[in-house]
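Residue-level listing of the chains:
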Amino acid sequence: AAYVLSKLGPKASVAVPNLLHALKDEHWLVRTVSTNALARFGSDLPAVRQALKRMRDDENEFVRQAASYALSQIERDRERGEGVGQEFPRVVCSR
């Protein structure tokens, strides 16, 4: 499911809380794909950035690499002024 969400990008932003939860999954592949999905959203949410920073210390190398890449993508989008826009945090926080 996280893979499909990653392909939808910002349209799937309401899934962010579930993806953050998936970062705690026991399977490295679920954590990796969830990390990649969060990167596709270009999220400016502090909770997402904090979670991705923690994932850089994951036991699995692929998860660590995905987290580093995700953070670089988010930073790149922030520098370009791209991302999900101002309404995104309200949508996620309203859950």
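Above this note sits the structure.
Attention here is on the structure that accompanies the text. (Residues numbered from 1 in each chain as written. Predicted model: local features only at pLDDT ≥ 70, side-chain atom pairs only at ≥ 80, totals over all residues. Heavy atoms only, no water.)

Moving on to the environment of Ser-68. Its location among the elements puts Ser-68 in helix α5 (residues 61-80). With a relative accessible area of 39%, Ser-68 lands in the partly exposed category. When the C-alpha atoms of Ser-68 and Leu-52 are compared, they prove to be 7.7 Å apart, with 16 residues separating the residues in sequence. (Helix = DSSP H or I, 4+ residues; strand = E, 2+ residues; numbered from the N terminus. Buried < 20%, exposed > 50% of the residue type's maximum accessible area, 1.4 Å probe, protein only.)

For the rest of this paragraph, the subject is a nonpolar patch on the surface. Residues Trp-28, Leu-29 and Phe-62 make up a contiguous nonpolar surface patch of about 310 Å² in total accessible area. Relative to the helices and strands, Trp-28 is located in helix α3 (residues 28-41). (Patch = residues over 30% accessible without salt bridge, like charges linked within 9 Å, V, L, I, M, F, W, Y side chains within 5 Å. Areas by Shrake-Rupley, 256 points an atom, 1.4 Å probe, with all protein chains shown as cover. Salt bridge = Lys/Arg side-chain N within 4 Å of Asp/Glu carboxyl O.)

Attention shifts here to the pattern of salt bridges. This structure, assessed with the given rule, holds 1 salt bridge. Asp-58 is paired through a salt bridge with Arg-31; the nearest N and O atoms lie 2.9 Å apart. With Asp-58 in the loop between α4 (46-55) and α5 and Arg-31 in helix α3, this residue pair connects regions lying 27 residues apart in the sequence. On the basis of relative accessible area, Asp-58 is assigned to the buried category, the value being 13%. When its relative accessible area of 6% is taken as the criterion, Arg-31 is described as buried.

What follows is about the environment of Glu-61. Tracing the backbone shows Glu-61 in helix α5. The exposure class assigned to Glu-61 is partly exposed, which follows from its relative accessible area of 46%. C-alpha of Glu-61 to C-alpha of Trp-28: the two residues are 33 residues apart in sequence and 9.1 Å apart in space.

Glancing now at α5. Look at α5: 29 Å from first C-alpha to last across 20 residues, which is about the 28 Å you get at 1.5 Å a residue. The backbone nitrogen of Phe-62 has a side-chain oxygen 2.7 Å away, supplied by the residue at the start of α5, namely Asn-60. Among the residues trailing α5, Gly-81 stands out with phi positive, at a value near 75°. (Expected span 1.5 Å × (residues − 1). Polar contact = N/O pair within 3.5 Å; in protein donor to acceptor, adjacent residues only side chain to side chain.)

Our focus in this paragraph is α4. For an α-helix, 3.6 residues make a turn, and residues three or four places apart therefore share a direction. Taken as a whole, α4 has its buried residues at Val-48, Ala-51, Leu-52 and Met-55. Considered in projection along α4, the buried side chains sweep an arc of 100° and stay on one side of the axis. (Arc of directions from axis to C-beta.)

Spatial relationships are all this shows, so hold off on functional conclusions.
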